[in-house]
Every structure is written in structure tokens, then in C-alpha cells.
Amino acid sequence: MIASRRISPLVLALALTAFPHAQPRVTPPAEALGFEPGADYHLATYEQAIGYFERLARESPRIRVLDMGVTGMGRPMKYAVVSSEANLAALDRHKDISRRLTLARGLSQDDARRLADEGKVIVWIDGGLHATECAPAQQMIQLAYDLVSGEDAETRRIRDEVIALLIFANPDGMTLVSEWYQPNIGTPFEASPLPWTYNKYAGHDNNRDALYAHLIETRNMMRAQFHEWFPEVLVNHHQGAPQPSRIFVPPGPEPTNADVHPIIWREQNLIGSAMAMTFELAGQTGVVSRLSYDSYYPGYCTTIADSHNCPAILTETAASQYGNPLSSDPADFPEAYRDLTPGRFYTSPWKGGPWRLGDAVAYVLTASKGVLQVAARYRRELLWNKYVMGRDGIALGASEKPFGWIVPADQHDPWALGDLIERLLLLGVEVHRADAAFDDGGTRYPAGTYLVPASQPFRAYVREVFERQTYPDLRRYPHLWQNAGGRPVAAEEPLRPYDATGWTLPLQFGVEYAEMSRPIDATKTRVERPPVAAGGVRGEGPQLVLGREDTRSYTAVIRLLAAGASVASATEPFALDAGRYPAGTFVIEAGRATPGEIARAAAETGVTLVGGRVDAARRPVRTPRIGVYQSWMASMDEGWIRLILDRLAIPYSRLTNDEVRKGGLAASFDVIVLPSESPQAILNGRRAGSIPPRYAGGIGQEGVATLRAFVEAGGVLVCNHQSSRLAIDGFDLPIADALDGVAPRDFWIPGSILRTDFEPSHPLAYGLPEAGASFFSGGLALLPPEDAGGAAPTVAARYPDQPLLLSGTAEGDERIRGRAAVLDVPVGKGRVVLFGFNVINRAHTPGVWKLLLNALVGPS
Ligand SMILES: [Zn+2]
């Protein structure tokens, strides 16, 4: 008789009795993938990684694979939940506990204590947000295996106390980078940079998307964090440790964001120190803190957690270069690091030597496990603290200023209001509408006014959004970043933060708002959904009119043109029935468009078309043929421009170096947009030999000549921010920059919101209010010539002659007061539009997008 190869039930029962924790064997990564995570010259794709997670989930009850939506390129965005079998069986209960403790409403101290006793700490770990920083995402594969299969006491404790969420923050990027790299291995291009952004739109800026949450991946993650899981700790892994350190872990340096609950900083100190200890015990040197990566700016996918009462643990492991082995010679270290002097936040200096992807993966893995270990040890405290922070937010918002903000429902741009409210709701903010009229600060507000009280669990986030930031000049507080005693060293120039200093959202959205002078006790209703405008057609007549105030008017016009309507733009103000309409108002005639098509365009874009007879002079608007220049430098600004055009359903083509150099552009395009890139990058691109030949080089001088010919033939060239210098120099325009040669100590505006005036009678500023705001970071202050005769440049936006700062910091702003911010420069039969500031700014500034939309749509 042939012996059965099956294990008899009796033997299995005996084995399980002898080893109560015995689990079926799970497949190690190398067996599934054919290589160890982090092996030289190997980068798993997202599909491989998720396929492995799914295999683990089939083999073990300690891991589940869930779905949080789709990505920009249409992949399912899956992630893993890892914990003990018992915790996973009670997952809904544990999610509910975390939610109730986080939101804190209606929870007594005693109930909160009981929930903190019972609950499990939810730790969010994401990797791969910046997809060319490859180690964090590759690490996730090993982390899943170790957590699922480990039988040591530490791993068991983690599974018992923690629910770990393992998230690939940028699935598209993980596969794009792997697929770019693998064919280059063994060629001269195995270190070549990816020539396009590593996700559908923003590339590296995906980490600056949290305040506005444009990217679908960001939206998925915000929904998961603030509507489903409410994690107690968030870990966001990167690879940018300052050379020669091997990893940055919290605490970060100053400045410290004053709106965030102080418990967050104490938790970051605690967790960061515990992580550093884990590295020390593992003999992994080069761990540094208090350097480079401050938590001041709240709009990273990392720091957004801080203002939601969840400590954000940023790690930055030393860079690797895809899967290529590297090595570092101490002689090349920055001088202060060469003699390996230790410090309190750099206890064990790294001594140099080889550094491979596998080393980076091992460091990220230690960091992840370090967080999980400390989270397991402090489970109850982390849960309790979450409650305390939510409770404090509710109490402080009711007892001290600021009490909250009032947002009128009647806004210049209804679309911007809807977008702002939608983002607040997505980010977990409690928004209400007043059921009846009320008074505050001498103003009467009607029913329907939006109320955003500060008294809510995420009070810190509400303050981030609505307050005007005042950047703390660190020169005034040397005790905070040097030492409390002794003689501090004064810095000559202001110490700049890692990112922007001002971000107040309503200012960037062009939305009117007011701070409450007291807690508003009007009866109110919680808002569950953002306002949706019911568009339509009102009145009758040969024409239909549509103002440009609503950003959706551009979408509607493009649709109407496509349906065969004829569209014009009034060149003067006019009256229709009781309404007054400014210059720039769209005047539409049905043409080939059917009444049904017109009604649908209005309804689906949410705009109101008003019928009547219009006698005002007007100029035609035609469907613009738009080209957006795409360099092979993976321009984030180009990605943001495409995102905005896609969101507004405005068609465009992408224009490469080859196409620009070839010329004849006027035959294919009416408008060409140069995203904000340095003239060097646009002219020269990547060096030949550094990237496969078809991606080397830029538009060159031939490209400048073809662009000039395009403009002279009647085209419009739109230059955003940095690319304005390309047109000024390349076309020899008579425009100067008032900031040329000015030293940073005389002018310092490192990412702030400034007062900006618009000229609503100028075709570029149609639809804008007379006064508003723009975001300034390394901008130009444009000086048109004193006397340019008939073809003089005209000013569409200017900095007023008064103190400019609205939010952030500004030194020396008098140098740009009165200067032009947006210029329209006639050249031949066409025009060059110069933006001194970035009109897109990571798509954060819908309040000024019309300047770009007008340049695209015309009138022609
Ligand atoms: Zn990064």
C-alpha cells in the first residue's frame, strides 16, 4: 500500500496541542518573487507586491487585503491589515473604538478609559509615496512577511496589541519606476532618472497634496484615515537622509507648529527616541534627528496627521539609486561629519562604506518595527491620548479664541466654495449651516451661511486652514533650536522652513470668510455633503449670457463650443433685465447646439445661462487648441496644469522637445503653455549620455526661435513663473525683474500669501475680483518699460502699494509693491503672457486660476 502523503488529522491535532501558536507555513518573499526584497538590481512592481500580500492572506489568518479605491492610472489601491487572528476577527469593534476615542464627542472619561483598555492601537505605515525612493515600498513586502510569520515574543506582542495597516502610497509610481529601471540594467542608463512624473500628475509633489487633496491617491488615503481607521500613529517613509546620516527619525527641528496639540510633539519625541534605540540595539549606525525635516507646514501627507491628533512619524533613509549598489567614502562627507564626532541626536556616526538597496530596506524595516514595538508597549496611552486631544479640541474651541469661522454661502465663485467645503468634509472637519439668520461682529448673516466652529476634535486642522499664519522668525528664539542657557549664536539671515510659511486656504481659494467673535449658538445643521449648484437655463432670447466668476463657466463654454454653439466675449459691461454684466461675460448663441444639449451642459456643469438680447460689442471665443509643453525633466508644475485642465474638462495636447524644435507650431496650436521650469531645464534638458538619447536635451535655441515664430504669427505663449525668464531673455523682451540681484537678507518671502490686485477690465483678469491674493515663492516683480509706444505690455495683476503680507512671512516686500505680477506682452501678431508668481502653485490657488483659463480660452 502506498503511504498517504497527507498529514492525518490526529497528527495535526497533536502538533497544534504541542505548539499552540503554530501556524501553517507562509511563503517567504524570495520564494514568491524570485528575489529577496532589496536584492541588488531588483525592484518589485506594485502588482508583484500586492500579489504577494494576497498570497499571504490566503495562507494566514493574520493578514487581510483590502481596497481603498483606484489610482490615477486605474489600478486598484489595495493595502494589508496585519494583526492577531483575534484582533482581525473583531476588526469592526476596534475601528469603532478608535473612531469614538478620536472624535471624543459624547464620551465620558470613564467610558474613554474603558475603551482605551479594550482597544488596539492602529498604526498606519505607508511606503513608496515618492516612488523613486525605492526602499520603503520594497521594505513593505518583508515587513508583511515578518509580522505574519514571526513567532518571537516581540512580534507576537505587536500582533496582540497593534493593528498594522501596510499601505503602498503610490501604486502607479512603484510600477512605473520598476518598469523604467529594469530594462536599463546593464546599459549605460541604469542610473537614469525617470523622464516623467511617477504618477499620473504631480510626481514628487504628491507629498504636498494633503491640504487640498486633488490626487485620487491622496483622497483615498484621507478617506481611510479620517473616515474609516482613525489611526493612532502614522508612519510615512522616505529616502532623503542628510548625507552622511543613514536615517532621519523624529523629533524634527524647529519651527514647531503652534496649532498642533502639544501631546503630538511629546509622542513624536517618545516614538522617535524608541526607534533610535531599536537601531542602536541592532547595531545600525548613522541615525539622526533634529535635522532638516521640520513639521511646520501641515500640508504634507505626513504632517496632515499631526493636526488630526495622530503623530506623524517621518523617516528619511539614506538614498539608494534604484537597485544599484553604491558606496560612500568618508573623505567625501561634509566636513563637520568627517571626524565622526557624535552628538545627542547623532550618537553613532556612520563611518561610510557600501550602501545598497538591501541596506536601505533593512533600515526602513528597523524603523517600521521600532514604531510597532513602541506602539505595542504604549497601546493604552496612545489610545487615551487620542481621546484627550479630541476632548481638548472640543473644549478649547468653545472657551477661547479662535471660536471658529463663518463662510457666507454667496461667494464670488460658487465652485471654489463647493470645492473648499468638499475638502473640509474629506479631511474630517465638522461643518454646519445656520438654520436661521444670525448676527456676529456687526454683520447679519442669512440662513444657509456655513459655520466651521473651532470647537471640534480636529480643531488644530481647522485652525491650519483658516488662520493666517505668522511664521516664527527663529532668530528671535535661539533657545528653542540651540540651547536654553549659554550664549546662542545669532543667524544673519532668517532660517527658512522646509516648505511654505503661509497656506490659509480661503485666501488661496478666493473665498470670503470671517472669524467668529464668539461661539455662534444659532440653530444649525451638520453638513454631510458639499453644496452642488443646480445649473440651468433661465429667461429667453436670442443670446444666453454666462459670467466668468464661476470657474465652471469655462467648462460649460468648452462643452457648448463642442456642441456647435457660437460663443463670444463681451468687450464692455452691459445690462440685461435687472442684471449688470462686466466685460468678459460670455455671450452664447445656440448655433448647431440643440436646446437639450445646452440645457444639459448647464445642468451638468452647475452654471446658470441667462437668456435675453445682448447688444454689447463682443469678440469671438473659439475652441482653443492648447499645447502644454512637457520636458523630460518630470516637471511637477506640468502635472498640476494637466490636473487642473482635466478637472475642468478643457482639452489639450502635450508638446515635446522634438515637436517644439520641429516648428510650424501655429498650424496646430493657438496657445502654448510653458510650465514653471528653469530656462536651463527647458533649453538644455538632461545631458546627453545621462539618459536614453530620445529623452536627452531640451528645446535648444531652435526651439526658442520656433516659439517666437509661433507668437509672431498670432499665437499666445503662456509662461508660468520660472519659465517667464525664458521668454524675457530668449525673445529679448523689454521687461526687467525688480528682484534681480537682491540679496536674501534684503528680500525674503519663502512661500507666503500676498495681497494682489487684479484689473477686471483686462481680458486676462476677466471674472476676477479687484482685490485678492496670490502665492509668492521665488517670484518675479515685473517691470515693463516706461515708454513702449502702441504695443506696450499691459498689466493684468499687480502688487498694491501697501504692506503685502496676508499669511506667512515677508521681509522687504516694499521692493515689489506697485510692481506687475502678470503682464500681457504683445509680440508681432501674438502675445506672451508672463506670470511673475506661480499661478498654479501645486493646484492650491483656484482663486487665481482664471488668469490662466482666460489666457487659454480667450477671446481670440
Ligand atoms: Zn521623499
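So, how was this worked out
- Residues numbered from 1 in each chain as written.
- Predicted model: local features only at pLDDT ≥ 70, side-chain atom pairs only at ≥ 80, totals over all residues.
- Heavy atoms only, no water.
- Phe/Tyr/Trp six-rings, centres within 6.5 Å; stacked < 30°, edge-to-face > 60°.
- Helix = DSSP H or I, 4+ residues; strand = E, 2+ residues; numbered from the N terminus.
- Buried < 20%, exposed > 50% of the residue type's maximum accessible area, 1.4 Å probe, protein only.
- Lys NZ or Arg CZ within 6 Å of the ring centre and 35° of its normal.
- 1 Å grid on protein atoms, 1.4 Å probe; cavity = no way out; pocket = protein on both sides within 12 Å on 5 of 7 lines; lining within 4 Å.
- Points joined across faces, edges and corners; volume = space filled by probe spheres on them.
- Nonpolar A, V, L, I, M, F, W, Y, C, P; charged D, E, K, R; others polar.
- Disulfide = S-S within 2.5 Å.

Enquirer: With reference to specific residues and values, describe the packing of aromatic side chains.
Expert: Taken as a whole and assessed by the stated rule, the structure comprises 32 aromatic pairs. Between Trp 355 and Tyr 363 the ring centres are 5.2 Å apart and the planes differ by 70 degrees, which places this aromatic pair in the edge-to-face class. Taking the centre distance of 6.0 Å and the plane angle of 50 degrees together, the rings of Phe 466 and Tyr 513 count as tilted. Placement of Phe 466 in helix α16 (residues 459-466) and of Tyr 513 in the loop between α18 (505-509) and β16 (514-515) is noted, with a sequence separation of 47 residues between them. Owing to a relative accessible area of 1%, Phe 466 belongs among the buried residues under this scheme. Joined through ring pairs, the aromatic side chains of Tyr 296, Tyr 297, Tyr 300, Tyr 471, Trp 503 and Trp 748 make up one cluster. The ring of Trp 229 has Lys 95 sitting right over it, with the charged end atom 4.4 Å from the ring centre. Over the ring of Trp 384 we find Arg 113, and its NZ or CZ is 3.9 Å from the ring centre.

Enquirer: With reference to specific residues and values, describe empty space enclosed by the protein.
Expert: Throughout the structure, instances matching the rule amount to six cavities of 30 Å³ or more. Estimates place the volume of the largest cavity at around 80 Å³. Lining the largest cavity we find Leu 43, Ala 44, Gly 128, Ala 131, Glu 133, Cys 134, Ala 137, Gln 138, Gly 173, Met 174, Val 177 and Ser 178. For the lining of the largest cavity, the secondary-structure elements that each account for two or more residues are α7 (135-149) and α9 (171-181). Looking at side-chain class alone, the lining of the largest cavity contains seven nonpolar, four polar and one charged residues. In this model, the second largest cavity occupies a volume close to 50 Å³. Lining the second largest cavity are Thr 102, Gln 225, Phe 226, Phe 230, Pro 231, Ala 305, His 308, Cys 310, Lys 386 and Phe 458. Partitioning the lining of the second largest cavity into residue classes produces six nonpolar, three polar and one charged.

Enquirer: Give me the lowdown on the state of the cysteines, citing residues and values where you can.
Expert: Scanning all chains against the criterion turns up zero disulfides. In this model Cys 301 remains outside any disulfide bridge; the closest cysteine sulfur is found in Cys 310, 13 Å from its own. With relative accessibility at 4%, the residue Cys 301 sits in the buried group.

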